[in-house]
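Now for the letters of each chain:
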Amino acid sequence: MGILKKLVALRPKNELKVVGTSQTNQNSKIDYNTEGYETSKSCQGREYTLKTSLETIYQKFENDSKIDISNQERLKQPYTTELKGKTTALLNKNEEKETLEKEVQTYENEIEKLHQDTINVRRNPNEYGLNVDKKSTAKFWIGLLFLLPLSAYILIFYISTSYSAFFRTFDPSTSLFQGMFYPKALSKAYTDGLLELGFVLFIPFVFFALGYLIHMFQENKGLINVFKIIALFVITFLFDSILAYLIDEKLYNLNKTFDSPEFSVAIAFQSVGFWLIIFAGFVSYIVWGLVFDFVMKEHADRDKIQSFITDKLEEIVNKEKRIIKIKNGIKNIQDGISVLEKRIAELQNIVDGFILPIRNYKLLSAQYLQGWQKYIDAELRIGVNEKNILQETCRGLYEKHIKSLELDVDDYQNKVYTKTL
């Protein structure tokens, strides 16, 4: 058996009581006092015999304490109670840890599924309740490939035709094509002034805005929206007609003779150039509007998929944050489990070992020394000085004996001997 450590008294120092009843203590006092007296008398108070006697008394006291099962159970009761409490707390901690670990596993499985969803939604969006074409991405890029050059064409056409119709002076060599497409439209407009430049530069965006409005009205079903769309097409057609009329008029006036009639709407309706200008602008505008509407619809489908993916990624982030929080909780619980396991091991060693009530032993051994010295004082026939020296020697042997057993510290009730591992 090895000594693990000294434990603090179970009661405050001023309330400590030795083991046994008052009558038992009184009898022990008489017995050990008498035994010390008789042993000292038999060996004439020799200090060497005292040393051996004290060791024998301690061994007997220790053996008696070990075999006194009822007293050991009483002494170990506080540790047994604490052991049961700590064991229950450990079970609760392990259950709590297991529950959190299962929760982490559940979140990790959900995150894995969310990652798979973000991949599979592009392949099979209908499985996730998204009413979109899984080829919407390819259609979007193809539509955009057509939309960009169409936009560039409309930009060039309306800049050129608007400048030619409102500001340009034609010369006799100007052809129909040159009347519609004038390469120097921007530079000439800049030379004419900022107002002219602003007009020809931004007028194409009026048509782009009309096309955007048509797309927006198409998204909302209803008779009113149909009338709005028809009105937008009529306005666009009328504006193209005005541009075509002004350009065709300038070309007509270059080639008319004295007997030619004045240019009119009737003449414009009979002119191939008039209709060619209209269709070069209006038809291309309709095509642009249809492609734009197609691209926007495909982009909306892509937005549905992207929005779905964004929601899933955000959900993943939230779950990962939750996992981190739970794992921190698991770490704290594990730290608590480690502390409990260490304390349970200590308590189990105490319960499996035995407890020595050292206050009782120190009391009995002191009584034995008292009887020993009583004989020396009362009956040993030696000189006074010799008696004093012998008394001091015996006292020194007793204190050395107590110290050798590590019983010299008087601040605890019992000494715990743990089971050797």
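Peer 1: What is the right way to look at the nonpolar core in this model?
Peer 2: Burial of nonpolar side chains together is a common tendency in soluble globular proteins. Ranked by internal contacts, the top residues of the largest apolar core, which has 32 residues, are Phe157, Tyr158 and Trp288. Of all elements in the fold, only α4 (136-166), α7 (194-219), α8 (223-255) and α10 (272-352) reach the threshold of two or more residues within this core. Not counting residues within four places of it along the chain, the set of residues in contact with Trp288 comprises Leu147, Leu150, Ser151, Ile154, Phe208 and Gly211. Membership of the second largest hydrophobic core comes to 25 residues, among which are Tyr37, Cys43, Leu356 and Trp372.

Peer 1: Help me understand the packing of helix α2 (residues 47-67) against helix α11 (residues 358-378) in this model?
Peer 2: Working note: a packed helix pair is described by the angle between its axes plus the distance between those axes. Here α2 crosses α11 at 150°, and the two axes come no closer than 11 Å. Accordingly, the angle class assigned to the pair α2 and α11 is roughly antiparallel. Handedness of the crossing formed by α2 with α11: right-handed. Residue-level inspection shows Thr49, Leu50, Ser53, Leu54, Ile57, Tyr58 and Phe61 of α2 in contact with α11, the latter providing Asn360, Tyr361, Leu364, Ser365, Tyr368, Leu369 and Trp372. Its residues assigned to classes, the contact of α2 with α11 shows ten nonpolar, four polar and no charged.

Peer 1: Can you help me understand the packing of aromatic side chains in this one?
Peer 2: Following the criterion strictly, the structure yields six aromatic pairs and no others. Ring geometry for Tyr58 versus Tyr361: centroids 5.1 Å apart, planes at 80°, classification edge-to-face. In this pair, Tyr58 is assigned in helix α2 and Tyr361 in helix α11, connecting sequence segments 303 residues apart. Relative accessible area serves as the criterion here: at 0%, Tyr361 is assigned to the buried category. With 5.5 Å between their ring centres and 45° between their planes, Phe61 and Tyr361 make a pair best called tilted.

Conventions adopted
- Residues numbered from 1 in each chain as written.
- Predicted model: local features only at pLDDT ≥ 70, side-chain atom pairs only at ≥ 80, totals over all residues.
- Heavy atoms only, no water.
- Core = buried A, V, L, I, M, F, W, Y, C linked by side-chain atoms within 4.5 Å.
- Buried < 20%, exposed > 50% of the residue type's maximum accessible area, 1.4 Å probe, protein only.
- Helix = DSSP H or I, 4+ residues; strand = E, 2+ residues; numbered from the N terminus.
- Contact = heavy atoms within 4.5 Å.
- Axes fitted to C-alpha atoms, helices over the stretch in contact; angles between N-to-C directions.
- Parallel < 35°, antiparallel > 145°, perpendicular 65-115°, else oblique.
- Left-handed = near helix turned anticlockwise from the far one by under 90°.
- Nonpolar A, V, L, I, M, F, W, Y, C, P; charged D, E, K, R; others polar.
- Phe/Tyr/Trp six-rings, centres within 6.5 Å; stacked < 30°, edge-to-face > 60°.

Functional significance is not addressed by these values, which are geometric in nature.
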